[in-house]
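Report on the structure
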Amino acid sequence: MPIPASQPLPPSADSAAAPADGTVTDRLVEANRRYATAFTDPGMDARPVLKVAVVSCMDARIDLHAALGLELGDCHTIRNAGGVVTDDIIRSLTISQRALGTRSVVLIHHTGCGLLNLTEDFRHDLAAEVGQRPTWAVEAFKDLDEDVRQSMQRVRTSPFLLHTDDVRGFVFDVTTGLLREIDPRP
Ligand SMILES: [Zn+2]
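Keep in mind that what you see is a predicted model, and the values were worked out from it rather than measured. (Residues numbered from 1 in each chain as written. Predicted model: local features only at pLDDT ≥ 70, side-chain atom pairs only at ≥ 80, totals over all residues.)

Here's the deal with the UniProt feature "binding site: Zn(2+)" (unreviewed entry) in the protein chain
This chain's UniProt record puts "binding site: Zn(2+)" (unreviewed entry) on Cys57, Asp59, His110 and Cys113. Sequence-wise these annotated residues cover 57 residues; spatially they are packed, their C-alpha atoms never more than 8.5 Å apart. Along the chain, the position of Cys57 falls in strand S1 (residues 52-57). Owing to 20 C-beta atoms within 10 Å, Asp59 belongs among the buried residues under this scheme. (UniProt positions renumbered as here; feature names shortened; annotations may be inferred. Helix = DSSP H or I, 4+ residues; strand = E, 2+ residues; numbered from the N terminus. Buried ≥ 20, exposed ≤ 12 C-beta atoms within 10 Å, placed from the backbone.)

Quick word on the pairing of strand S3 (residues 104-110)
In terms of residue burial, S3 counts as a mostly covered element, since 5 of its 7 residues are buried. Here S1 pairs with S3 via 5 bridges, running parallel. Paired with Val55 across the two strands is Leu107, which belongs to S3. Bridge count between S3 and strand S4 (residues 167-172): 6 bridges; the pairing is parallel. Bridging from a neighbouring strand, His109 pairs with Val171 of S4. (Pairing = 2+ DSSP bridges.)

Points about the pairing of strand S5 (residues 179-182)
Relative to S5, S4 runs antiparallel, the two sharing 4 bridges. Bridging from a neighbouring strand, Phe172 pairs with Leu179 of S5. The antiparallel hairpin formed by S4 and S5 contains 6 residues in its connecting segment, where Gly177 sits at a positive phi of about 80 degrees.

Section: helix H4 (residues 87-98)
With 12 residues, H4 ought to run about 16 Å at 1.5 Å a step, and its terminal C-alpha atoms sit 16 Å apart, in line with that. Of the residues making up H4, those classed as buried are Ile89, Leu93, Ser96 and Gln97. All buried residues of H4 project into a common sector of 90 degrees when viewed along the axis, lining one side. Among the exposed residues of H4, those oriented more than 90 degrees off its buried face are Asp87, Asp88 and Arg91. In the core, the buried residues of H4 are packed alongside S1, strand S2 (75-80), S3 and helix H6 (144-156). (Expected span 1.5 Å × (residues − 1). Arc of directions from axis to C-beta. Contact = placed C-beta atoms within 7 Å.)

Digging into the nonpolar core
Among the nonpolar cores identified, the biggest contains 28 residues, and Ala53, Val55, Val105, Leu107 and Ile108 are the most heavily contacted of them. Counting only elements with at least two residues in this core, the list comes to S1, S2, H4, S3, H6 and S4. Ignoring anything within four residues of it in the chain, the contact list for Ala53 reads Cys75, His76, Ile78, Leu93, Ser96, Thr102 and Val105. (Core = buried A, V, L, I, M, F, W, Y, C linked by C-beta atoms within 7 Å.)

Looking at the environment of Asp59
Mapped onto the fold, Asp59 is located in the loop between S1 and helix H3 (64-68). Separated by 21 residues in the primary sequence, Asp59 and Asn80 place their C-alpha atoms 8.5 Å from one another. Filtering out sequence-adjacent residues up to four positions away, Asp59 remains in contact with His110 and Cys113.

Pasting the structure below:
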C-alpha cells in the first residue's frame, strides 16, 4: 500500500527513542565523550585500505562493517534511501575512485526496504502539500533484483568513473543476515 508523503511516525516512535534526560542527540554526544576517552589516533590515511566503496540503503538494520567483516579504514560506505545510484552517489563514487584510490564497487539493497512500499505518488503528494516540486525522483521500486541490476548498470556506464570492471550487486536479507548476489543479466 502506498505511503502518503505526510504520514506521521507511529506515536510510540518518539517516546521510545528519546532518553529520559535530554534529546536523542544529547545521548549521542554523551556517547561520543565516552568513545573519545578510549580513542587513540589510528594514524590512518584517508584512502580505504581495501580500495572498495560500498553503496547501501540507509536502513537501520544493516550494520555494513559487521555484515561484511570490515574494519575501520577498510572502505568507503555511501548510503541513501534504497541504496539507489543517484547523481549524488555517482559524485561520491567519482571522488572515491579519482581522489581516494578505490577500484571496486559493492551495491547492497535489502529485503523489506521502505522504498518497496512507495510510488512516485509520494513525490506528487509532497508537491501538492508543500507547494514546491522536488527536483529529485523518489526512485521507488517494486522488484529488488531488477533495481540492483539497474544500479549496477548506472555505475558501469558512468563516464566519470575510472574503474567499472569490478561492480557487484547484492540483496541483504534482514532476517538471515545473508547476502544474495544478483546476476547482472536478468
Ligand atoms: Zn532500504
